[in-house]
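Take a look at the letters that make up each chain.
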Amino acid sequence: EAKQLEETMAKIAELPAEPVFEIVTTMGVIKVKLYENTPKHRENFAKLVFQKFYDGILFHRVIPGFMIQTGDPLTKNPENAPKFGTGGPGYNVPAEFVPEYTHQKGALAAARRGDKVNPYKESSGSQFYIVHDPYACAQLDGDYTVFGETIEGFDVIDKIAAVETNNRDCPLQDVKILKINLVKD
């Protein structure tokens, strides 16, 4: 395990300033670029990708005209359905608010617990969302860390946002992350 962590940290050290990743889903590929000016989120996301943490995780919260959310490891087991949205790697990431990073369409932002239990607005260690509608998400600017943006696959975001959901905004048909790959130049 120590050797695996050492290898992961070596890969992170070699990342370009703004690495590009392909989020391969059951509905298509979303290509995202992570921001250099949110280094804690950039490195954490890359670490989880290199450890294959996201492989097999569902989009568990889909609200059309708002956002699509994923990153909860509990979604790998359907028996956990009542707890979807509460899981993570066991740690939070300190907030990194950068004024020019806003909730534009396709923005990647870290999910987090509410202000009452999370006054420092720390991000979930693994859950993130992708903005579907920037106008509906504008009020989140400065309260949730935006750490990347979609550069290709806006149609896939639209397709995921259009799936039928239950009363908890959970898709009725699984929408899964198959894998996330670092894109090499």
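Structure: see above.
These numbers come from a predicted model, not from an experiment.

### With respect to the overall build of the protein chain
Within the protein chain, the regular secondary structure consists of four helices and ten strands. When the helices and strands of the protein chain are listed from N to C terminus, the series reads α-β-β-α-β-β-β-β-β-β-α-β-α-β. Here the C-alpha atoms of the protein chain give a radius of gyration of 15 Å, agreeing with the 16 Å that 2.2 N^0.38 yields for 185 residues. Structurally, the protein chain occupies a C-alpha span of about 45 × 35 × 35 Å along its principal axes. Per-residue burial for the protein chain yields a buried fraction of 46% across its 185 residues. Long-range contacts, defined here as pairs at least 24 residues apart, represent 71% of the contacts in the protein chain between residues at least 6 apart. Summed over all atoms, the accessible surface of the protein chain reaches about 9,400 Å², with 50% contributed by carbon and sulfur.

### Structural notes on the pairing of strand β3 (residues 59-63)
Counted residue by residue, β3 has four buried out of five residues, so it is predominantly covered. Relative to strand β4 (residues 67-70), β3 is paired through four bridges, and the arrangement is antiparallel. Note that in β4 the partner of Arg-61 across the bridge is Gln-69. Between the end of β3 and the start of β4, which pair antiparallel, lie three residues, with Gly-65 showing a positive phi angle near 75°.

### Here's the deal with the side chain of Thr-75
Position of Thr-75 among the secondary structure elements: in the loop between β4 and β5 (92-93). A polar contact is formed between the side chain of Thr-75 and the backbone nitrogen of Leu-58, at a distance of 2.9 Å. Apart from residues lying up to four places away in sequence, Thr-75 is in contact with Ile-57, Leu-58, His-60 and Phe-84.

### Considerations on the side chain of Glu-149
Along the chain, Glu-149 falls in strand β9 (residues 146-152). No salt bridge forms around the buried Glu-149; measuring N to O, its nearest opposite-charge neighbour Lys-33 is 4.3 Å away. Within the local environment of Glu-149, its side chain forms a polar contact with the side chain of Tyr-35, the two groups lying 2.6 Å apart. Dropping the residues within four chain positions of it, Glu-149 is found in contact with Lys-31, Val-32, Lys-33, Tyr-35, Gln-104, Gly-106, Ala-107 and Leu-108.

### So, the sheet that holds β3
If you trace the eight strands from one edge of the open sheet to the other, you get β3-β4-β8-β6-β9-β2-β1-β10, paired in antiparallel fashion. What marks the edges here is a single partner per strand, and that holds for β3 and β10 (177-182). Neighbouring strand axes in the sheet, compared pairwise and without regard to direction, differ in orientation by 25° on average. For strand β1 (residues 20-25) and β10, the ladder comprises five bridges, and the chain directions are antiparallel.

### Details of the packing of aromatic side chains
Within this structure, the stated rule accounts for nine aromatic pairs. With 6.4 Å between their ring centres and 55° between their planes, Phe-21 and Phe-50 make a pair best called tilted. Of the two residues, Phe-21 is situated in strand β1 and Phe-50 in helix α2 (residues 39-50); the sequence distance between them amounts to 29 residues. Classification of Phe-21 as buried rests on a relative accessible area of 0%. Centre to centre, the rings of Phe-45 and Tyr-54 are 5.4 Å apart; their planes meet at 35°, and the pair counts as tilted. Classification of Phe-45 by relative accessible area gives buried; the value is 2%. Residue Tyr-54 is classed as buried on the basis of its relative accessible area of 2%. The positively charged end of Arg-112 is found above the aromatic ring belonging to Tyr-144, 4.3 Å away from the centroid.

What counts, and at which threshold
- Numbering of residues starts from 1 in every chain and runs along the sequence as written.
- In keeping with the model being predicted, local features are shown solely for residues with a pLDDT of at least 70 and side-chain atom pairs are shown and tallied solely at 80 or more, while totals for entire chains, interfaces and linings include all residues.
- Water and hydrogen atoms play no part in the side-chain values, which are based on all heavy atoms of the structure.
- For helices the rule is a DSSP run of H or I covering at least 4 residues; for strands it is a run of E covering at least 2, with both sets numbered from the N terminus onward.
- As defined in this context, the radius of gyration uses C-alpha atoms, and a globule is described by 2.2 Å times the residue total to the power 0.38.
- Burial classes: relative accessible area under 20% of the type maximum marks a residue as buried, over 50% as exposed, and values in between as partly exposed (1.4 Å probe, protein chains only).
- Contacts were defined at the residue level, with two residues in contact if any of their heavy atoms lie within 4.5 Å.
- Method for areas: the Shrake-Rupley scheme with a 1.4 Å probe, in which residue coverage is limited to the protein chains shown.
- Strand pairing is assigned whenever DSSP identifies at least 2 bridges connecting the two strands.
- Counted as a polar contact is a pair of N or O atoms within 3.5 Å, where, for protein atoms, one must be capable of donating a hydrogen and the other of accepting one, and residues adjacent in sequence contribute only when both atoms are in side chains.
- We score Asp and Glu as negative and Lys and Arg as positive, and we do not count His or the chain ends.
- Throughout this description, the term salt bridge denotes a Lys or Arg side-chain nitrogen within 4 Å of a carboxyl oxygen of Asp or Glu.
- Lines fitted to C-alpha atoms define the axes here, with helix axes fitted over just the stretch in contact, and angles between the N-to-C directions of these axes take values from 0 to 180 degrees.
- The aromatic pairing rule takes the rings of Phe, Tyr and Trp, using the six-membered ring of Trp, and pairs them if the centres are within 6.5 Å, calling planes under 30 degrees apart stacked, those over 60 edge-to-face and the rest tilted.
- By definition, being over a ring means that NZ of Lys or CZ of Arg is both within 6 Å of the ring centre and within 35 degrees of the ring normal.

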